[in-house]
Amino acid sequence: MQVEPEKIPAMLLERIDCGVVYLDESGKVLFINNRAEQLLHVQRGQVLGRRVDMLPLRTPLYRVLSENSLDAPVEMSVEGTVVQIRSCRLPADCGKGELYQLRDITPERNERRQREEFVAMMTHDLKSPLTVIMGYIQALLGEKGKIDHSLHLFLGEMDKSSVKMLTMIDDVLDAYRLEAGLLQIDRHSCDIRPLLEGCSRDGEREAAVHGSSFQSELCDEIPPMELDSKQISRVFANLIGNAVKFTPRRGTITLSSEVRDGFLRVQVSDTGIGIPPEELPRIFNKYFRAQAARGFKGTGLGLTISKAIVEAHGGSIGVESTAGKGSRFSVLLPLHREKEAI
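Residues numbered from 1 in each chain as written. Predicted model: local features only at pLDDT ≥ 70, side-chain atom pairs only at ≥ 80, totals over all residues. Heavy atoms only, no water.

Colleague: Sorry if this is basic, but what is going on with the overall build of the protein here?
Modeller: In terms of regular secondary structure, the protein is built from nine helices and twelve strands. Overall, the protein is about 95 × 45 × 45 Å in size when its C-alpha atoms are taken along their principal axes. Sorting the 342 residues of the protein into buried and exposed places 39% on the buried side. Considering only residue pairs separated by 6 or more positions, the protein has 58% of its internal contacts joining residues 24 or more positions apart. When the accessible surface of the protein is summed, it comes to about 20500 Å², and 53% of that surface belongs to carbon and sulfur atoms. When the 44 positive and 48 negative side-chain charges of the protein are each reduced to one mean point, those points stand 2 Å apart. (Helix = DSSP H or I, 4+ residues; strand = E, 2+ residues; numbered from the N terminus. Buried < 20%, exposed > 50% of the residue type's maximum accessible area, 1.4 Å probe, protein only. Contact = heavy atoms within 4.5 Å. Areas by Shrake-Rupley, 256 points an atom, 1.4 Å probe, with all protein chains shown as cover. Lys, Arg positive; Asp, Glu negative; His and termini not counted. Charge placed at Lys NZ, Arg CZ, Asp CG, Glu CD.)

Colleague: Can you walk me through empty space enclosed by the protein in this structure?
Modeller: Empty pockets left among the atoms are what a rolling probe the size of a water molecule brings to light. Per the stated rule, a full pass over the model turns up one cavity of 30 Å³ or more. In this structure, the largest cavity encloses a volume near 40 Å³. In terms of lining, the largest cavity is formed by R187, M225, E226, L227, H313, L333, P334, L335, H336 and R337. Within the residue set of the lining of the largest cavity, elements represented by two or more residues are strand 8 (225-227) and strand 12 (326-334). With three residues, strand 8 is the largest single contributor of residues to the lining of the largest cavity. (1 Å grid on protein atoms, 1.4 Å probe; cavity = no way out; pocket = protein on both sides within 12 Å on 5 of 7 lines; lining within 4 Å. Points joined across faces, edges and corners; volume = space filled by probe spheres on them.)

Colleague: Explain the side chain of Q267 here, please?
Modeller: The residue Q267 is located in strand 10 (residues 263-270) in this model. A residue is classified by how much of its surface remains accessible, and Q267, at 18% relative accessible area, is buried. A polar atom in the side chain of Q267 sits 2.9 Å from the side chain of S330. Those residues in contact with Q267 that sit more than four places away from it in its chain are T254, L255, S256, R328, F329 and S330. (Polar contact = N/O pair within 3.5 Å; in protein donor to acceptor, adjacent residues only side chain to side chain.)

Colleague: Looking at this structure, I do not really get the nonpolar core. What am I missing?
Modeller: General note: in soluble globular proteins, nonpolar side chains tend to be found buried as a group. Among the nonpolar cores identified, the biggest contains 43 residues, and I192, F236 and L239 are the most heavily contacted of them. Residue contributions to this core peak at seven residues, all from helix 8 (residues 229-245). For I192, the contacting residues outside a window of four places in its chain are I222, M225, L227, I232, L264 and L333. Membership of the second largest hydrophobic core comes to 20 residues, among which are V21, V29, L65 and I85. (Core = buried A, V, L, I, M, F, W, Y, C linked by side-chain atoms within 4.5 Å.)

Colleague: It is not clear to me how the packing of helix 7 (residues 192-209) against helix 8 should be interpreted in this structure. Could you clarify?
Modeller: Geometry of a packed helix pair, given as the angle between the helix axes and the separation of the axes. Contact geometry of helix 7 with helix 8 gives a least axis separation of 10 Å together with a crossing angle of 30°. Here helix 8 runs roughly parallel to helix 7, going by the angle between their axes. Like other packed secondary-structure pairs, helix 7 and helix 8 cross with a definite hand, here right-handed. Facing I192, L195, L196, C199, G203, E206 and A207 of helix 7, the residues of helix 8 in contact are S229, I232, S233, F236, A237, I240, G241 and V244. Tallied by class, residues from the contact of helix 7 with helix 8 come to ten nonpolar, four polar and one charged. (Axes fitted to C-alpha atoms, helices over the stretch in contact; angles between N-to-C directions. Parallel < 35°, antiparallel > 145°, perpendicular 65-115°, else oblique. Left-handed = near helix turned anticlockwise from the far one by under 90°. Nonpolar A, V, L, I, M, F, W, Y, C, P; charged D, E, K, R; others polar.)

Colleague: Looking at this structure, I do not really get the sheet that holds strand 4 (residues 81-89). What am I missing?
Modeller: Paired through backbone hydrogen bonds, the strands of a sheet run either parallel or antiparallel to each other. Strand order in the open sheet formed by five strands is 2-1-5-4-3, with antiparallel pairing between adjacent strands. The open sheet terminates on both sides in strands that have one partner only, identified here as strand 2 (29-32) and strand 3 (74-78). Averaged over all adjacent pairs, the angle separating strand axes in this sheet is 25°, with direction ignored. Two strands pair when backbone bridges link them, and strand 3 and strand 4 are joined in this way by five bridges, in the antiparallel orientation. Looking at the pairing, S77 lines up with V82 of strand 4. (Pairing = 2+ DSSP bridges.)

Colleague: It is not clear to me how the packing of helix 8 against helix 9 (residues 302-312) should be interpreted in this structure. Could you clarify?
Modeller: Taken N-terminus to C-terminus, the directions of helix 8 and helix 9 make an angle of 145°; their axes are 9 Å apart at the nearest point. Crossing hand, helix 8 versus helix 9: left-handed. Counted together, Q231, I232, R234, V235, N238, L239 and N242 of helix 8 and G302, L303, I305, S306, I309 and V310 of helix 9 form the full contact between these two elements. Taken together, the residues of the contact of helix 8 with helix 9 sort by class into seven nonpolar, five polar and one charged.

Colleague: What's the story with the side chain of S257 in this structure? I'm lost.
Modeller: The residue S257 is located in strand 9 (residues 252-260) in this model. Judged by its relative accessible area of 10%, S257 falls in the buried class. Of the polar contacts made by the side chain of S257, one reaches the backbone nitrogen of C219; its length is 3.0 Å. Apart from residues lying up to four places away in sequence, S257 is in contact with L196, E217, L218, C219, I222, L264, R265 and V266.

Colleague: Looking at this structure, how should I read the environment of Y136?
Modeller: Turning to its location among the elements, Y136 is positioned in helix 5 (residues 106-141). A C-alpha to C-alpha distance of 64 Å links Y136 and E98, two positions 38 residues apart in sequence.

Right under this line is the structure:
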């Protein structure tokens with residue numbers, strides 16, 4: 001049987017394992033393939049020739065076609081199925097309009113969740129013996145008169161290494177909590193200046209070990225703020241630690257703060273290796289590490305978790321950087337917590 005050439009593309013689209021929906025310039029549904037019908041629980045006879053704004057509001061098809069998925073893919077749950085939606089605008093020679101691509105990513109999401117639950121369970125189980133080891137190390141360090149001085153040096157290194165290991169375990173656990181929506185923020189009234197001063201002292205000691213200089217330029221009269229002091233300390237410790245780690249010897253790390261327009265802005269600047277412009281958009285992505293940072297130790301989770309913590313406080317975090325010249329991370333925190341709607 002001879003098939004008309006103009007019908008071949010439509011036949012191919014009917015056989016792929018991916019949902020396809022095509023809208024013309026006016027937003028009218030001109031094509032929907034069999035897989036899209038299955039994913040969106042709709043029959044093409046009900047929607048072909050109708051504009052998106054004429055579709056029932058609560059239907060999966062309306063929800064999918066109303067999402068802006070041009071800039072980045074969108075994930076949506078449709079009756080227990082996780083669907084990833086991508087769209088693109090078609091040029092004039094292809095008829096103009098907008099083409100939607102729908103993929104069932106439920107198996108991928110389930111596999112990823114199982115993998116992350118396993119990692120979370122393993123890291124949680126690692127914390128218990130590590131905590132015991134750290135307790136015994138601290139007890140031995142307290143016995144100064146009974147243990148040879150040379151052993152104290154070894155115990156000190158063991159203590160520092162165990163603290164680093166515990167931090168890495170906490171990062172992995174918090175990455176899982178973040179993915180599962182379980183990251184807890186416990187706000188209370190907090191004087192943030194002593195918190196920043198403590199981070200400065202830690203940064204100064206760390207910088208001295210790496211042969212760099214540390215400068216602190218903290219403003220006065222910061223009002224008390226409702227924060228989770230432990231989590232916010234973790235953000236600045238992470239930013240300062242990264243600045244020290246990625247700054248060569250004789251470099252400079254600076255922690256500064258200012259109060260302006262109802263916000264506290266805290267900046268961590270360095271004269272380190274910097275980040276290329278093409279990598280900046282992904283710097284807060286989970287497990288992402290810049291190419292220049294591949295030789296340095298780390299989990300690739302610190303910035304992701306820091307961003308989540310800052311945003312949970314109603315703030316924002318950003319970065320400016322030039323490869324080979326350094327970076328500046330800026331944290332913006334509202335001075336007053338917005339009242340939640342009743």
